[in-house]
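Spelled out from the first residue to the last, the chains are:
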Amino acid sequence: MKPRPIRTFSVIPSLPEALMPLWRLAHNLRWAWKHDAIELFIRLDSELWERTNHNPVRMLGMISQERLEKVASDVGFLAHLERATAYLDEYMEQTGTAWFDRKYGQQEAPIIAYFSLEFGLTESLTIFAGGLGVLAGDHLKSSSDLNVPLVGVGLLYQQGYFLQYLNQAGWQQEAYEDNHFDNLPLMLERGPDGEPLVVDVQLPGRKVFAQIWRVQVGRVPLYLLDTNTPLNSRPQDRDITDQLYGGDQDLRVKQEILLGIGGYRALRALGLLPVVYHMNEGHSAFLALEHIRKLILDHGLSFAAAREAAAASCVFTTHTPVPAGHDRFPPHLMQHYFHDYATQELALSWHDFMALGRENPFDVNEPFCMTVLAIRLSSNTNGVSALHGEVSRQMWQGLWPGVPQQEIPISHVTNGVHILSWISRDMKVLYDRYLGPRWREEPGDPEVWKLAMDMPADELWRTHERRRERLVGITRQRLERQLEQRGALLSDLSIAEEVLDPEALTIGLARRFATYKRATLIMHDPDRLDRILNNPDRPVQIIFSGKAHPKDDPGKAMIQKIVDLSRQERFRNRIVFLEDYDMIVARYLVQGCDVWLNTPSRPREASGTSGMKAAANGVLNMSTLDGWWAEAYHREVGWAIGRGETYNDPDYQDRVEAEALYDLLERDVVPTFYDRVGRVPRRWVELMKASIADLSYFFNTNRMVAEYTDRFYVPLALRYHQLAADDFARAKDLAAWRERLLRDWAQIRVDSVNGELPAQIPVGQTFTTHAEVYLGVIRPEDVRVEVYLGLVNPNGELVPGRPVAMRVSKELGGQRYLYEADAQCSMSGLHGYTVRVLPYHEDLVTPIQHGLIRWAG
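Residues numbered from 1 in each chain as written. Predicted model: local features only at pLDDT ≥ 70, side-chain atom pairs only at ≥ 80, totals over all residues. Heavy atoms only, no water.

Q: Just to check I follow, could you spell out the pairing of strand β10 (residues 314-317) for this structure?
A: Remark: a regular strand shows side chains that alternate across the two faces of the sheet. Residues Cys314 and Phe316 point to one face of β10 and Val315 and Thr317 to the other, with burial holding for every one of them. Looking at chain direction, strand β9 (residues 276-280) and β10 are connected through 4 bridges and run parallel. The partner of His278 across the bridge, within β10, is Val315. The pairing of β10 with strand β13 (residues 380-383) spans 3 bridges and is classified as parallel. Directly across from Val315, in β13, lies its bridge partner Asn380. (Buried < 20%, exposed > 50% of the residue type's maximum accessible area, 1.4 Å probe, protein only. Helix = DSSP H or I, 4+ residues; strand = E, 2+ residues; numbered from the N terminus. Pairing = 2+ DSSP bridges.)

And the structure:
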């Protein structure tokens, strides 16, 4: 039955005049990392704050008028409201002293657009699924704190990600609830006529329309597209933004068209013209195509010139070290959605268009990969930890044939967390007392965090014990609610009141349940685990939480295994699984556990950020050497499970690392926790302080965003302006140069390599190498000839090789040149060298950029 047309209008709370600032406070998510503002809403109605899932907008719409009138005459509440409002005003207006302003000067308009399929900002705005979204949310918060001129772009989901519950068998079930946008901290963007601002994207046979909502994240606006509008007559079009990570590939490609192309158009509809575009994962890579199309349309550029200009302003961050985790769309699906766009709007042949997203451009059956598209149309690509950078260079080495792996142009920017969003109020008070105010203002300064080593051990320990007690309390409450929802007997409900010990060593493990994350590794030997957990003198307990993807049955089976074990009598009070993992549960866990356990199979964890949140709260990490922990770990900040070894047999790998985990618990972790002087475990507290001091300054998003700004945002903005100057003269020149080199590169060869070398030379002695190079019609100034020198491994390979630039010493005639270079070796051993030719142009980000390379022989 077709729904009847209705006219809609919004009803807003009737706030007394004295309370009107509450509406403004509620609509700026700055409150999400300002405890004083949160406490104001709790003070207004603590029960309603919990019932609304910490949503102040909905709370103001539900609270009784009687209560509002009462607090409107409460002098204490009004003083608190005035203080919270003043904090927000000061934060929003005091921009000249923020980090970006001090370093680069104030900007009138945003110059960076940050695109992500999900954003995790607060528990009440459920438009995220997990770590990728939470990282994106933290990125916006730190951009606000630093006053980086950035806007976010994403999608507004009607249902968002699923709510998790377990059936009687312990098997994950999914439920979805509609988001009511008028009851969320959102504002609908409107045009000069007062009507909702709308953008459209072309789908086969029709246009799909999306309205634009704004979330104010401190100083940073986040714009979200929503297709659930009467302008879309087809239900399937209104449902494009229904669920995050739901549906099939057809829905996914439509969502990514909307995010990339629609998001790009939304910024222009809002009058915003960013210079730099940051793609957080490959979902938004279609924006680079739209950027090219707009440059062609507005400036009359060729595709090649527009591509050079567009790529100059794009940065791409990949988060996935597993090949199966990258979006790949079959050719027929791309043909259905992009044939006209490619051939008419971009004036490309279908083959050339598909080649943009293929590892092998000549394989007509290869799917179109969004990661490949993003890499090909970006100046800079990065992974999210040092190890992930290595893995990504190996994974995508095929895009640059002949280029040594260490020179693949994929770098890394290690992830971080927005510390103010994740540490407890208790820890904030402690940091204020002993670190001073700079830990809030400059959390990336290591000198600030060194002061943590001077915090009194007993005070730090008492603070942490309070957080563990609260964690145990909230775990009991949620467990009781879980059991009630499953129809448990009263006798079973009483178990929830006794589960866990507020003084026992508490291990937390919470994450997405994917098989490579191995959440059940600690259960590898249940009998040995029993002995560890149920030691009467040194008890240990584990709290698990997390969701499996709705289509991931192996992940769901891992959850079921945990639940089954927790129901055994010997583990009933020692193991708990908390359903429906969300930001509220996450905060209690990272603030209240003693140990944060992470057991991914190396090297399949790109970064991981939950352990960073735990470390900022003084919780100690115990993890395999994967992701961020591979670069963070040393013996004074936590524990490493194994030494980073990898084995071909995954069962053997699990067995070895499970044994290592048990050994650590029995021989080090548990004894250290229970070795007390009075009530304080002195050695444990020293580890806590070292973890805070050594990790917090680096593994935070203020440092991360500043690094993105220094290395990518500002240089790319400058480069784009250079290419765009004088009617894109340099972009046109670069495109023409690239076309010539691609056409003529096959002519280049290294005819001979000669070195004046005896069989042995001393370390540090200079030697001269010559090479005869035939360039054909290519000019010497368009190439860079290098000696490539290094140690020779048993396979006869140079690892790692080191390039030394050669110079033209003589023109030999016939388009042949003699090159020479002086080089030396800095260490002893068997060395070797060869010669290679690379492109050179002053506007190239790297000579490797276009994958052209010619080696001797």
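Still more ground to cover, so stick around.
Q: What exactly am I supposed to notice about the pattern of salt bridges here?
A: Pairing between side chains of opposite charge can happen when the charged atoms of each approach one another. Per the counting criterion, the structure on display carries 56 salt bridges. Between Arg425 and Glu39 there is a salt bridge, and its shortest N-O distance comes to 2.8 Å. With Arg425 in helix α18 (residues 425-435) and Glu39 in helix α2 (residues 35-44), this residue pair connects regions lying 386 residues apart in the sequence. We classify Arg425 as partly exposed; its relative accessible area is 39%. Judged by its relative accessible area of 25%, Glu39 is partly exposed. (Salt bridge = Lys/Arg side-chain N within 4 Å of Asp/Glu carboxyl O.)

Q: Could you clarify how one ought to interpret unusual backbone geometry in this entry?
A: Backbone phi values are negative for most residues with the exception of glycine, while trans is the configuration of most peptide bonds. Between Arg602 and the following residue, Pro603, the backbone shows a cis peptide bond with an omega angle of 0°. Its location among the elements puts Pro603 in the loop between β18 (595-598) and α26 (610-616). With phi around 60°, Asn147 is a residue other than glycine that occupies positive phi space. Position of Asn147 among the secondary structure elements: in the loop between α8 (131-146) and β2 (150-155). Residue class for Asn147 comes out buried when judged on its relative accessible area of 16%. We note that Asp727 has phi near 60°; this positive angle belongs to a residue other than glycine. Here Asp727 falls in the partly exposed class, since its relative accessible area comes to 48%.

Q: Would you take a moment to explain the packing of aromatic side chains for this structure?
A: The way to describe two aromatic rings as a pair is by their centre distance and the angle between their planes. All told, the structure shown has 38 aromatic pairs when counted by the stated rule. Plain terms: the ring middles of Trp33 and Tyr91 are 6.4 Å apart, the flat faces sit at 80° to each other, and that makes the pair edge-to-face. On the criterion of sequence distance, the pair formed by Trp33 in the loop between α1 (21-26) and α2 and Tyr91 in helix α6 (residues 75-93) is long-range, its members being 58 residues apart. Residue classification places Trp33 among the buried residues on the basis of a relative accessible area of 2%. Ring geometry for Phe513 and Phe577: centres 5.9 Å apart, planes at 65°, overall edge-to-face. Separated by 64 residues along the polypeptide, Phe513 in the loop between β15 (505-510) and α23 (526-533) and Phe577 in strand β17 (residues 575-578) bring together distant segments of the chain. The same class applies to Phe513 and to Phe577, which are both buried. (Phe/Tyr/Trp six-rings, centres within 6.5 Å; stacked < 30°, edge-to-face > 60°.)

Q: Help me understand the environment of Ile559 in this model?
A: For Ile559, the location among the structural elements is in helix α24 (residues 553-566). Here Ile559 falls in the buried class, since its relative accessible area comes to 0%. Each C-alpha atom of the pair Ile559 and Asn380 lies 39 Å from the other, and the pair is 179 residues apart in sequence. Excluding anything up to four places from it in sequence, Ile559 contacts Gln164, Leu166, Gly170, Gln172, Phe513, Gly546, Lys547, Ala548 and Phe577. (Contact = heavy atoms within 4.5 Å.)

Q: Looking at this model, I keep getting lost on the side chain of Asp744. Mind explaining?
A: Here Asp744 lies in helix α30 (residues 701-744). The class of Asp744 is buried, set by a relative accessible area of 10%.

Q: Help me understand empty space enclosed by the protein, please; the structure alone is not making it clear to me.
A: Over the atoms, a rolling probe the size of a water molecule traces out where space has been left empty. Applying the stated criterion across every chain yields a total of 5 cavities of 30 Å³ or more. Here the largest cavity is characterised by a volume of approximately 80 Å³. Leu25, Asn28, Arg30, Trp31, Lys34, Asp36, Ala37, Ala84, Tyr87 and Leu88 are the residues that line the largest cavity. Put simply, the parts of the chain that give the lining of the largest cavity at least two residues each are α2 and α6. (1 Å grid on protein atoms, 1.4 Å probe; cavity = no way out; pocket = protein on both sides within 12 Å on 5 of 7 lines; lining within 4 Å. Points joined across faces, edges and corners; volume = space filled by probe spheres on them.)

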